[in-house]
Amino acid sequence: MVETQKIRNDPRVTFFGRMLRKSSLDELPQLINILRGDMSCVGPRPIVADELQRYGEHQAEYLGTRPGLTGLWQVSGRSCMDYENRVALDSQYVRNWSIWLDLIILLRTIVAVTRVDRAS
């Protein structure tokens, strides 16, 4: 299993797809999930069922919150970080949630998205 769950040079991704990923515009369809109430603007990123076991003792924390479009993991290194640190950041977010933390994450997300070189 790939530690970050993302293939670095995925041959299936076209030039246009790479540009969408680098600019994070590939995340825009998630806005539909936010409007439907399935996701929040800020929270742990959605995971597939197979990944839940990697959350170990933090599964309940993850399951107790709505997944988000952006989160602490995205503004703290994202793909440069291993999965264990992702779990730790998701858990930290849930335990320390506040409206101020969400606002800080949203502001840091804007900065991260405008820095195209680190977005993917």
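Residues numbered from 1 in each chain as written. Predicted model: local features only at pLDDT ≥ 70, side-chain atom pairs only at ≥ 80, totals over all residues. Heavy atoms only, no water.

**Looking at the overall build of the protein chain**
Of regular secondary structure, the protein chain possesses seven helices and two strands. For the protein chain, the N- to C-terminal ordering of α and β elements is α-α-β-α-α-β-α-α-α. Put simply, 70% of the contacts in the protein chain that link residues at least 6 apart link residues at least 24 apart. (Helix = DSSP H or I, 4+ residues; strand = E, 2+ residues; numbered from the N terminus. Contact = heavy atoms within 4.5 Å.)

**What to know about helix α5 (residues 83-95)**
Given 3.6 residues to a turn, an α-helix orients residues that are three or four positions apart in the same direction. With 13 residues, α5 extends 18 Å from end C-alpha to end C-alpha; this agrees with the ideal 18 Å at 1.5 Å per step. By the burial criterion, the buried members of α5 are Tyr83, Arg86, Val87, Leu89, Asp90, Ser91 and Tyr93. Elements that come into contact with the buried residues of α5 comprise β1 (40-42), α3 (49-52), α4 (59-63) and α6 (99-114). (Expected span 1.5 Å × (residues − 1). Buried < 20%, exposed > 50% of the residue type's maximum accessible area, 1.4 Å probe, protein only.)

**Remarks on the pattern of salt bridges**
One side chain can pair with another of opposite charge once the charged atoms of both are near each other. Under the defined criterion, the tally for this structure stands at three salt bridges. With a shortest N-O distance of 3.9 Å, Arg95 and Glu61 are connected by a salt bridge. Remark: Glu61 occurs in helix α4 and Arg95 occurs in helix α5; sequence separation between them is 34 residues. (Salt bridge = Lys/Arg side-chain N within 4 Å of Asp/Glu carboxyl O.)

**Here we look at a nonpolar patch on the surface**
Judged by side-chain polarity, Trp97, Ile99, Trp100, Leu103 and Leu106 come together as a nonpolar surface patch covering roughly 560 Å² of accessible area. Positionally, Trp100 belongs in helix α6. (Patch = residues over 30% accessible without salt bridge, like charges linked within 9 Å, V, L, I, M, F, W, Y side chains within 5 Å. Areas by Shrake-Rupley, 256 points an atom, 1.4 Å probe, with all protein chains shown as cover.)

**Things to note about the packing of aromatic side chains**
One pass over the structure, following the stated rule, counts two aromatic pairs. Judged by centre distance (5.0 Å) and plane angle (50 degrees), the rings of Tyr55 and Tyr62 are tilted. With respect to burial, Tyr55 and Tyr62 carry one shared label: buried. Both rings, one in Tyr55 and one in Tyr83, keep their centres 6.2 Å apart while their planes meet at 90 degrees; by these two values the pair is edge-to-face. With a gap of 28 residues between them, Tyr55 in the loop between α3 and α4 and Tyr83 in helix α5 connect regions that are remote in the sequence. Residue class for Tyr83 comes out buried when judged on its relative accessible area of 2%. The ring of Tyr83 is capped by Arg54, whose NZ or CZ atom sits 4.0 Å from the centre of that ring. Positioned above the aromatic ring of Trp73, the side-chain terminus of Arg86 is 4.3 Å from the ring centre. (Phe/Tyr/Trp six-rings, centres within 6.5 Å; stacked < 30°, edge-to-face > 60°. Lys NZ or Arg CZ within 6 Å of the ring centre and 35° of its normal.)

**Topic: the nonpolar core**
If you look at the biggest cluster of nonpolar residues, it comprises nine residues: Val42, Leu72, Trp73, Val75, Met81, Leu89, Tyr93, Leu101 and Ile105. Those residues in contact with Tyr93 that lie beyond four places of it in its chain are Val42, Gly43, Pro44, Leu72, Leu101, Asp102 and Ile105. Listed in part, the five residues of the second largest apolar core include Ile47, Tyr55, Tyr83 and Val87. (Core = buried A, V, L, I, M, F, W, Y, C linked by side-chain atoms within 4.5 Å.)

**Looking at the environment of Asn85**
Tracing the backbone shows Asn85 in helix α5. Sequence separation of Asn85 and Trp73 is 12 residues, and the distance between their C-alpha atoms is 8.2 Å.

**A short note on the environment of Ile47**
Note on placement: Ile47 falls in the loop between β1 and α3. Through-space distance from the C-alpha of Ile47 to that of Pro67 is 8.4 Å; in sequence the pair is 20 residues apart. Sequence-distant contacts of Ile47, defined by excluding residues within four places in its chain, comprise Leu52, Tyr55, Tyr62, Tyr83 and Arg86.

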